[in-house]
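# Observations on chain architecture
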Amino acid sequence: MKKPYHRGFTLIELLLVTTILTIALGIGLPSFSKLIEDSHRKSTLNQLLTGISYARTEAISRSSNVTLCPLDRSNRCSRDWNQPLTVFIDPARARQLTSPNNILRVLQAPDQGKLYGRTGIRKHFGFRPTGMARESIGHLLWCPDDGNREKAFQIRINMGGRPILAGDSSNDGIVEDAYGRNVSCP
């Protein structure tokens, strides 16, 4: 009668495979974390661009004033742009959510980085029934947690209510504001 033959790994084979995997992960992990970071950044950018365009489109299609802003506890627009942003119908342009039925969309707060809204003296972006954003032009600036300006992006909202992504015309890796200066992360 034949004895059963058990095949397995030797200790040396197991150590060799473990060493190779450790080296491969050590090389690949930083690239993988950069890929994840870039994915979060692009997701935040796309969500904001889509939300701004949506607010403008809804103002036109509903022939009503629409506001985009972070809301405080009393449902008034606030300056804390790292809270969820609410797109809502605002017929009286009061910059306050008067009914939950007026909510059109809620954009989740960025899970990474910081968002800064520059709206002059206002705390909102408002779109008129024509789609115009006349008195509430400005920009949103997103900065990564490490403050690296090369990873930052800026979305400007012009008087026509259209979102415009800031570019890097100087090719130094940092986008410029509307005045041609490099953006800075606070």
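That block above? That's the structure.
Reference entry: report on the structure contained in this document. (Residues numbered from 1 in each chain as written. Predicted model: local features only at pLDDT ≥ 70, side-chain atom pairs only at ≥ 80, totals over all residues. Heavy atoms only, no water.)

### Remarks on the layout of surface pockets
By rolling a water-sized probe across the atoms, one finds the places where empty space is left. Computed from the structure, the largest pocket encloses a volume of approximately 350 Å³. His139, Gln154, Asp177, Ala178 and Tyr179 are, among the 17 residues lining the largest pocket, the residues nearest its centre. Where the lining of the largest pocket is concerned, the elements lending two or more residues are β6 (138-143) and β7 (153-157). Grouping the constituent residues of the lining of the largest pocket by class yields seven nonpolar, six polar and four charged. (1 Å grid on protein atoms, 1.4 Å probe; cavity = no way out; pocket = protein on both sides within 12 Å on 5 of 7 lines; lining within 4 Å. Points joined across faces, edges and corners; volume = space filled by probe spheres on them. Helix = DSSP H or I, 4+ residues; strand = E, 2+ residues; numbered from the N terminus. Nonpolar A, V, L, I, M, F, W, Y, C, P; charged D, E, K, R; others polar.)

### With respect to the pattern of salt bridges
On inspection of all chains with the given rule, the structure shows six salt bridges. In this structure, Lys34 and Asp38 form a salt bridge, with 3.1 Å as the shortest nitrogen-oxygen distance. Taken together, the residues Lys34 and Asp38, both in helix α1 (residues 11-62) and four residues apart, mark about one turn of the helix. Residue classification places Asp38 among the partly exposed positions, given a relative accessible area of 26%. Here Asp146 and Lys151 are joined by a salt bridge, their closest N and O atoms 3.3 Å apart. In this structure Asp146 comes out as exposed when scored by relative accessible area, which is 52%. Among the ionic contacts, a cluster of salt bridges with common partners joins Glu37, Asp146 and Lys151. (Salt bridge = Lys/Arg side-chain N within 4 Å of Asp/Glu carboxyl O. Buried < 20%, exposed > 50% of the residue type's maximum accessible area, 1.4 Å probe, protein only.)

### So, the state of the cysteines
A complete count under the given rule lists two disulfides for this structure. A sulfur-sulfur separation of 2.2 Å characterises the disulfide bridge that pairs Cys143 with Cys185. Between Cys143 and Cys185, the S-S torsion sits near -95°, and that sign places the bridge as left-handed. Taken together, the residues span a long stretch of sequence, with Cys143 in strand β6 and Cys185 in the segment after β8 (163-165) at a distance of 42 residues. (Disulfide = S-S within 2.5 Å.)

### Description of the packing of aromatic side chains
Enumeration over the complete set of coordinates arrives at two aromatic pairs. With centroids separated by 5.6 Å and ring planes inclined at 55°, the aromatic side chains of Trp81 and Phe125 adopt a geometry described as tilted. Here Trp81, found in the loop between β1 (66-70) and β2 (85-89), pairs with Phe125, found in strand β5 (residues 125-127); they are 44 residues apart in sequence, far enough to count as distant. The residues Trp81 and Phe125 share a single accessibility class, namely buried. Each ring, one from Trp142 and one from Phe153, has its centre 5.4 Å from the other, and the planes form 15°; the classification is stacked. Taken as a pair, Trp142 in strand β6 and Phe153 in strand β7 lie far apart in primary sequence, 11 residues in all. (Phe/Tyr/Trp six-rings, centres within 6.5 Å; stacked < 30°, edge-to-face > 60°.)

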